[in-house]
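Below are the chains, spelled out letter by letter.
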Amino acid sequence: QDLWLAACAGFYDSPFAASGDACPSPFWNCLDCSNAVITARKLPALIAFLAFTVAQRESLAEADWEAKFGRAHRRIREQILPAFPKAVVTAARIAAEATPGIIYLPPEASAT
C-alpha cells in the first residue's frame, strides 16, 4: 500500500497493531517500520517533511521537538538520504521545492 513517506508491505499486518487491523501509528513511524519500503519516488515527500521538522524547532521547546521529531529527522538526514545517489537527492529537493502542497500533514504532525 502506498503511504505518504513510504510504500507499506503490510498496512494490515503492522508491527504496531494486531494482525488484520490497520496500522495506527503516526506516519513518521514508517521511517522505523520493518514494513516500509522507501524509494526514490518518496524522496520529495521525505525532504518536505524534513524541512517541516526543522521549521518546528521555531515553535517547540527543544525537548518537545526532540521527543516528537528528533528520531525521524535524524533517520531521514543521516540514513535515508545518504542511501541514494546525490543526483537523485538533488532532483528530489528540486521537486519538493517546486511542488506546492506536497507536504500534506495530518493533525498529529502539528499537534503539540
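Residues numbered from 1 in each chain as written. Predicted model: local features only at pLDDT ≥ 70, side-chain atom pairs only at ≥ 80, totals over all residues. Heavy atoms only, no water.

Caption draft 1: Geometry of the pattern of salt bridges. By the definition in use, this model includes four salt bridges. Across the pair Arg71 and Asp32 runs a salt bridge, and its minimum N-O distance is 2.7 Å. In this pair, Arg71 is assigned in helix α2 (residues 62-80) and Asp32 in the loop between β1 (7-8) and β2 (36-37), connecting sequence segments 39 residues apart. You can call Asp32 partly exposed: its relative accessible area is 37%. (Salt bridge = Lys/Arg side-chain N within 4 Å of Asp/Glu carboxyl O. Helix = DSSP H or I, 4+ residues; strand = E, 2+ residues; numbered from the N terminus. Buried < 20%, exposed > 50% of the residue type's maximum accessible area, 1.4 Å probe, protein only.)

Caption draft 2: The arrangement of helix α3 (residues 86-98) in detail. With 13 residues, α3 ought to run about 18 Å at 1.5 Å a step, and its terminal C-alpha atoms sit 18 Å apart, in line with that. Looking at α3, one finds that the buried residues are Val89, Ala92 and Ala96. Axial view of α3: buried residues confined to an arc of 60°, hence all on one face. What points out from α3, more than 90 degrees from its buried face, is the exposed set Ala87, Ile94, Glu97 and Ala98. The inward-facing, buried residues of α3 abut α1 (43-56). (Expected span 1.5 Å × (residues − 1). Arc of directions from axis to C-beta. Contact = heavy atoms within 4.5 Å.)

Caption draft 3: Looking closely at the environment of Lys42. Positionally, Lys42 belongs in the loop between β2 and α1. Residue classification places Lys42 among the buried positions, given a relative accessible area of 6%.

Caption draft 4: Region of the structure containing the nonpolar core. Grouped together as the largest cluster of nonpolar side chains are 22 residues, with contacts concentrated most on Leu5, Leu43, Phe49 and Ile76. At the level of elements, α1, α2 and α3 are the ones that each hand at least two residues to this core. When residues in this core are grouped by element, the largest group, seven residues, is from α1. Discounting chain neighbours no more than four positions away, the residues touching Leu43 are Ile80, Leu81, Phe84, Val88, Val89 and Ala92. (Core = buried A, V, L, I, M, F, W, Y, C linked by side-chain atoms within 4.5 Å.)

Caption draft 5: A look at α2. With 19 residues, α2 extends just 23 Å between its outermost C-alpha atoms, more than 12% less than the 27 Å of an ideal straight helix rising 1.5 Å per residue. Of all bends in α2, the biggest is about 60°, found at Phe69. Taken together, the buried positions of α2 are Trp65, Lys68, Phe69, Gly70, Ala72, His73, Ile76 and Ile80. (Bend = angle between axes of the 7 residues up to and from the residue.)

Caption draft 6: Representation of the packing of aromatic side chains. By the definition in use, this model includes four aromatic pairs. Seen from their ring centres, Phe49 and Phe69 are 6.2 Å apart, and the 70° between their planes marks the pair as edge-to-face. In this pair, Phe49 sits in helix α1 while Phe69 sits in helix α2, placing the two residues 20 residues apart along the sequence. Residues Phe49 and Phe69 agree in their burial class; the two are buried. Between Phe52 and Phe69, the ring centres sit 5.7 Å apart and the planes meet at 90°, which makes this aromatic pair edge-to-face. (Phe/Tyr/Trp six-rings, centres within 6.5 Å; stacked < 30°, edge-to-face > 60°.)

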